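Chain by chain, the residues run as shown.
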Amino acid sequence: MAFNILIVDDSPAMRRVVKRVVDLSGLDVGNYLEAGDGLQALTVLRAEWVDLVLTDINMPEMDGEELLLEVRKDENLKSIPVLVVSTDQTEARIAQMLALGADGYISKPFAPAALSEELHRLLGGVPDESF
Amino acid sequence: MKASEFAKLVPGCCGGVLDSMYFTTIMETSHPKELAEAAEGKETAIGAEEYAFSLSFKGDICGRFGLHMGAAAGRGLAANFLGEDEADLSVSDIGEVAGELANMLCGAVVSKVEGKSKFVLSHPEAMQALPVLSGADALVSRFETDGGTVTTWVVVEGDA
């Protein structure tokens, strides 16, 4: 089964890096979808089938926290796994996002293997050992 | 909190970010008193192939974080980060990576300061000139890496 993955980050460079790590993780990816903030992400989520959302927190227009809240209260979206990928490494932020319904939290900078493991935990399968 | 207190945190945080996602090693760290050799307190214009970004942080501590690097360092770090050949990178690509580097370095440093408190970072903005920094509220750090010189600065604007 090929997964559709939505990468939400206001940094085009970070979206490229995340996409590259996912490519190398061994997951069977159907489509990569991208959004530069939470509002754009909601538009994509309401138009496309998405199996996993990877989202930053600090973004313009709508941040990752609000995006997570919107996803979790939407009957059609609430079952989609959301993995937060953020520069905020504080215990308070990690606990808050998990309490709001995030399925995982990766702090930037991250080791590619750590992100790969989280992807496989959420979508199934065995991580590529080349990491 | 004074900017000078960041001196204990910045090298380790920056070293961790550069090592883990930019595959670059810091060989030497210094803390010059001035950000640039500013002439009579005037701002220093950013050169054609230099990259400078700054962003604000707001939490228990508020302030600004900045990053500056030259063409060689920018191109090398961008290539390492994106996993692409230097020759294939545009100035825009390198600028995007420099902005994300500023974001990650700031996040790593502020996370250490805030500890158990949340904070908010602004979007990194490209700068046209390096500001004049001095006094106890600014800390300048210069890192000599295997890819070139990377300079950061922290300005504390107050506690929330």
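This one's a predicted model, so the numbers in the text were calculated from it and none came from an experiment.

About the criteria used
- Residues numbered from 1 in each chain as written.
- Chains lettered and ligands numbered in written order.
- Predicted model: local features only at pLDDT ≥ 70, side-chain atom pairs only at ≥ 80, totals over all residues.
- Heavy atoms only, no water.
- Contact = heavy atoms within 4.5 Å.
- Buried area = accessible area lost by both parts, 1.4 Å probe.
- Salt bridge = Lys/Arg side-chain N within 4 Å of Asp/Glu carboxyl O.
- Polar contact = N/O pair within 3.5 Å; in protein donor to acceptor, adjacent residues only side chain to side chain.
- Helix = DSSP H or I, 4+ residues; strand = E, 2+ residues; numbered from the N terminus.
- Nonpolar A, V, L, I, M, F, W, Y, C, P; charged D, E, K, R; others polar.
- Pairing = 2+ DSSP bridges.
- Axes fitted to C-alpha atoms, helices over the stretch in contact; angles between N-to-C directions.
- Core = buried A, V, L, I, M, F, W, Y, C linked by side-chain atoms within 4.5 Å.
- Buried < 20%, exposed > 50% of the residue type's maximum accessible area, 1.4 Å probe, protein only.
- 1 Å grid on protein atoms, 1.4 Å probe; cavity = no way out; pocket = protein on both sides within 12 Å on 5 of 7 lines; lining within 4 Å.
- Points joined across faces, edges and corners; volume = space filled by probe spheres on them.
- Right-handed = clockwise from strand over helix to strand, strands pointing away.
- Disulfide = S-S within 2.5 Å.

This paragraph deals with the interface of chain A and chain B. Contacts between chain A and chain B engage 20 residues on the former and 26 residues on the latter. With both sides pooled, the region where chain A packs onto chain B buries about 2100 Å², and carbon together with sulfur makes up 57% of that total. Among the residues chain A hides against chain B, the three largest losses belong to A:R16, A:T87 and A:P109. Together they make up 25% of the total. Here chain A and chain B share three salt bridges between them. The closest approach of N and O atoms between B:E100 and A:K108, which form a salt bridge, is 3.3 Å. Taken together, the connections running from chain A to chain B amount to eight residue pairs in polar contact (both at pLDDT 80 or more). Sorting elements by how many residues they give to the side of chain A that touches chain B places helix α1 (residues 12-24) of chain A first, with six residues. Class assignment for the residues of the side of chain A that touches chain B results in seven nonpolar, six polar and seven charged.

Now for the sheet that holds strand β3 (residues 52-55) of chain A. Residues and elements named next belong to chain A. In space, the five strands of this open sheet follow the order β2-β1-β3-β4-β5, with parallel pairing throughout. Sheet topology places β2 (29-35) and β5 (104-107) at the edges, where each strand pairs with a single neighbour. With strand direction ignored, the average angle separating the axes of adjacent strands in the sheet is 20°. As defined by bridge partners, strand β1 (residues 3-8) adjoins β3 across four bridges and the pair is classed as parallel. When the sheet's bridge partners are listed, L6 is paired in β3 with V53. Across the sheet, helix α2 (residues 38-45) lies against β1, β2 and β3, angled at about 160° from β1, the strand it touches most.

With that settled, consider the nonpolar core. A:L54, B:Y22 and B:F81 are the most contacted members of the largest nonpolar core, which has 62 residues in total. Ranked by residue count, the leading element in this core is helix α3 (residues 91-114) of chain B, at 11 residues. Every residue in contact with B:F81, bar those within four places of it in the chain, is listed here: A:A13, A:M14, A:V17, B:M21, B:Y22, B:V97, B:E100 and B:M104. Counting 23 residues, the second largest nonpolar core, distinct from the first, contains A:A35, A:A41, A:L42 and A:L45.

Let us look at the layout of surface pockets. Computed from the structure, the largest pocket encloses a volume of approximately 260 Å³. Forming the walls of the largest pocket are 19 residues, and the residues nearest its centre are A:D10, A:S11, B:S122, B:H123 and B:P124. Elements supplying a minimum of two residues to the lining of the largest pocket: α3 and β5 (120-121) of chain B.

As a further point, take the pairing of strand β4 (residues 61-69) of chain B. Residues and elements named next belong to chain B. Extensive coverage of β4 is indicated by the burial of eight of its nine residues. The pairing of strand β3 (residues 51-58) with β4 spans eight bridges and is antiparallel. Counted as the bridge partner of S56 is R64 from β4. From the end of β3 to the start of β4, which pair antiparallel, there are two residues.

Moving on, we come to the environment of A:K108. Within the fold, A:K108 resides in the loop between β5 and α5 (112-123). Those residues in contact with A:K108 that lie beyond four places of it in its chain are A:D9, A:M14, A:D56, A:V85, A:S86, A:T87, A:Q89, B:E100, B:N103 and B:M104. In this structure the side chain of A:K108 is engaged in a polar contact, spanning 3.3 Å, whose partner is the side chain of B:E100.

Residues and elements named next belong to chain A. Within strand β4 (residues 82-86), five of the five residues are buried, which leaves it mostly tucked inside the rest of the structure. After leaving β3, the chain enters helix α3 (residues 64-73) and then returns to the sheet as β4, a path that is right-handed. Across four bridges, the pairing between β4 and β5 is parallel. Paired with L83 across the strands is G104, a residue of β5. Note that the unit made of β4, helix α4 (residues 91-99) and β5 has a crossover that is right-handed.

The next point concerns empty space enclosed by the protein. Residues and elements named next belong to chain A. What the rule picks out here adds up to one cavity of 30 Å³ or more. There is about 40 Å³ of room inside the largest cavity. What lines the largest cavity is simply I7, V8, D9, M14, V18, L54, T55, D56 and V85. Elements that contribute at least two residues to the lining of the largest cavity include exactly β1, α1 and β3. Here the lining of the largest cavity is built from residues that sort into six nonpolar, one polar and two charged.

A word on the state of the cysteines. Residue and element names in this part refer to chain B. One pass over the full model with this rule turns up zero disulfides over all chains. Among the cysteines around C13, which has no disulfide bond, C14 carries the closest sulfur, lying 6.7 Å off. The exposure class assigned to C13 is buried, which follows from its relative accessible area of 9%. We classify C14 as buried; its relative accessible area is 0%.

Any functional reading would require information beyond the geometric quantities listed.
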